[in-house]
Amino acid sequence: PGKKQIACPEQNKDTAVILAIGQSNSANSGEKKFSTQHAEKVMNYFNGKCYIASSPLLGAGGYQGEFITPLADRLVESGTYKSVIIISSGIGGAPISRWQRDGDLNEMLLATIRNIRGKYKITEIIWHQGEADFLTYTTAKNYVKSFHSMLETLSENKVKAPVFISIATKCIQAGSFTWKADNPTAIGQRQLVDNKRIFLGVDTDAILTKLDRRSPECHFSESGQLKTAMSFASAIQKVRSLN
């Protein structure tokens, strides 16, 4: 409710089309609900229609806030792009195995991509995921293998945009797990960064404090959302400036 539909623009060289995928912190689970400060320039594409971007973003799980809208605003304000179209497809609690080839979320992802084919070309991919895999002890080797499996399916569907990933494993739940930064999932995430197609967007494990997360130190508070948005925006700006 309350979404304002607008005409979908044609894409040009100054139009970003950002695909945001992963688990809850890539979706609508943040404390602050944002609305774009650049109506008509920052849009949320969903099911063939465009809407002025605002939380919760259509296409992703959850009903709360997110960091993609302020990220898009920053890209416009910095002059990195003149307009941004957001395709949000994050799903809470989803381990990486659901995103790899033949996983149920991979099927959803490919259907989303086919839906925009011929209309838009994805320019950047945001990947923020890993907390579920930390909790299930996914090894670094398996995390890397699963990620590349997902990436291969994107390439096969002509999506070859740079991917900006997170180091994201911290989700402390009721004292059941002892979290440490040098855990297998985080190691796997670091191994993925090749600075050719896969770039580090943010290390939320490192830069977010307790104040940047809501209890139980999992989902982001407003400050955590903004820190994450600014880090991703800076990474995208840097890579785009080199191309």
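That block above? That's the structure.
Residue numbers restart at each chain and count upward from 1, following the sequence in its written direction. Two thresholds apply to this predicted model, a pLDDT of at least 70 for residue-level local features and 80 or more for giving and counting side-chain atom pairs, whereas whole-chain, interface and lining totals are computed over all residues. Hydrogens and water molecules were not included; the side-chain quantities draw on all heavy atoms of the structure.

A. Representation of the pattern of salt bridges in the model. Here, a salt bridge means any side-chain nitrogen of Lys or Arg that lies within 4 Å of a carboxyl oxygen of Asp or Glu. This structure, assessed with the given rule, holds 7 salt bridges. Among the salt bridges present, the one from aspartate 14 reaches lysine 82, with a minimum N-O distance of 3.9 Å. Within this pair, whereas aspartate 14 is found in the loop between β1 (5–6) and β2 (15–22), its partner lysine 82 is found in the loop between α1 (68–77) and β5 (83–88), the two being separated by 68 residues in sequence. We call a residue buried when its accessible area falls under 20% of the maximum for its residue type, exposed when it is over 50%, and partly exposed in between, using a 1.4 Å probe and counting protein chains only. The exposure class of aspartate 14 is buried, given its relative accessible area of 18%. Owing to a relative accessible area of 59%, lysine 82 belongs among the exposed residues under this scheme. Put simply, Lys13, Asp14, Lys82 and Arg240 are held in one network by salt bridges that share partners. A helix here means a DSSP run of H or I that spans at least four residues, while a strand means a run of E at least two residues long, and both kinds are numbered starting from the N terminus.

B. Representation of the nonpolar core within the structure. The biggest cluster of nonpolar side chains holds 34 residues, and the ones touching the most others in it are Ile122, Ile125, Trp127 and Phe147. Going through the elements one at a time, β2, β3 (42–46), β4 (49–52), β5, α2 (104–116), β6 (124–128), α4 (140–156) and β7 (163–167) are the ones with two or more residues in this core. At 6 residues, the largest contribution of residues to this core is made by α4. Not counting residues within four places of it along the chain, the set of residues in contact with isoleucine 125 comprises Leu19, Ile21, Leu154, Val159, Ala161, Pro162, Val163 and Phe164. Counting residues in hydrophobic clusters, the runner-up holds 27 residues, among them Ile68, Tyr81, Ala235 and Ile236. The definition of a nonpolar core used throughout is a set of buried Ala, Val, Leu, Ile, Met, Phe, Trp, Tyr and Cys residues joined through side-chain atoms within 4.5 Å. Residue contacts are defined here by distance: any two heavy atoms, one from each residue, within 4.5 Å place the two residues in contact.

C. View of the state of the cysteines. Sulfur atoms of two cysteines make up a disulfide when they are within 2.5 Å. Enumeration according to the criterion identifies 2 disulfides in this entry. Across the disulfide, cysteine 8 is cross-linked to cysteine 50 (sulfur-sulfur distance 2.2 Å). Linking cysteine 8 and cysteine 50, the disulfide has an S-S dihedral of approximately 110° and is accordingly described as right-handed. In this pair, cysteine 8 sits in the loop between β1 and β2 while cysteine 50 sits in strand β4, placing the two residues 42 residues apart along the sequence. When its relative accessible area of 24% is taken as the criterion, cysteine 8 is described as partly exposed. The buried category is assigned to cysteine 50, whose relative accessible area is 0%. What pairs with cysteine 171 in a disulfide is cysteine 218, and their sulfur atoms sit 2.1 Å apart. Here cysteine 171 and cysteine 218 share a disulfide; its torsion about the S-S bond, -95°, makes the bridge left-handed. Placement of cysteine 171 in the loop between β7 and α5 (184–192) and of cysteine 218 in the loop between α6 (204–207) and α7 (222–242) is noted, with a sequence separation of 47 residues between them. Take cysteine 218: its relative accessible area is 9%, and that puts it in the buried class.

D. Structural view of the pairing of β4. By the convention used here, strands pair only if DSSP detects at least 2 bridges between them. The pairing of β1 with β4 spans 2 bridges and is antiparallel. When the bridges of β4 are listed, glutamine 5 appears paired with tyrosine 51. As judged from the 4 bridges shared by β3 and β4, these two strands associate in the antiparallel manner. Looking across to β4, one finds that methionine 43 is bridged to isoleucine 52. As consecutive antiparallel partners, β3 and β4 are separated by 2 residues, and within that stretch asparagine 47 has a phi angle of approximately 55°, a positive value.

Everything listed here is a matter of coordinates, which is why it stays silent on function.
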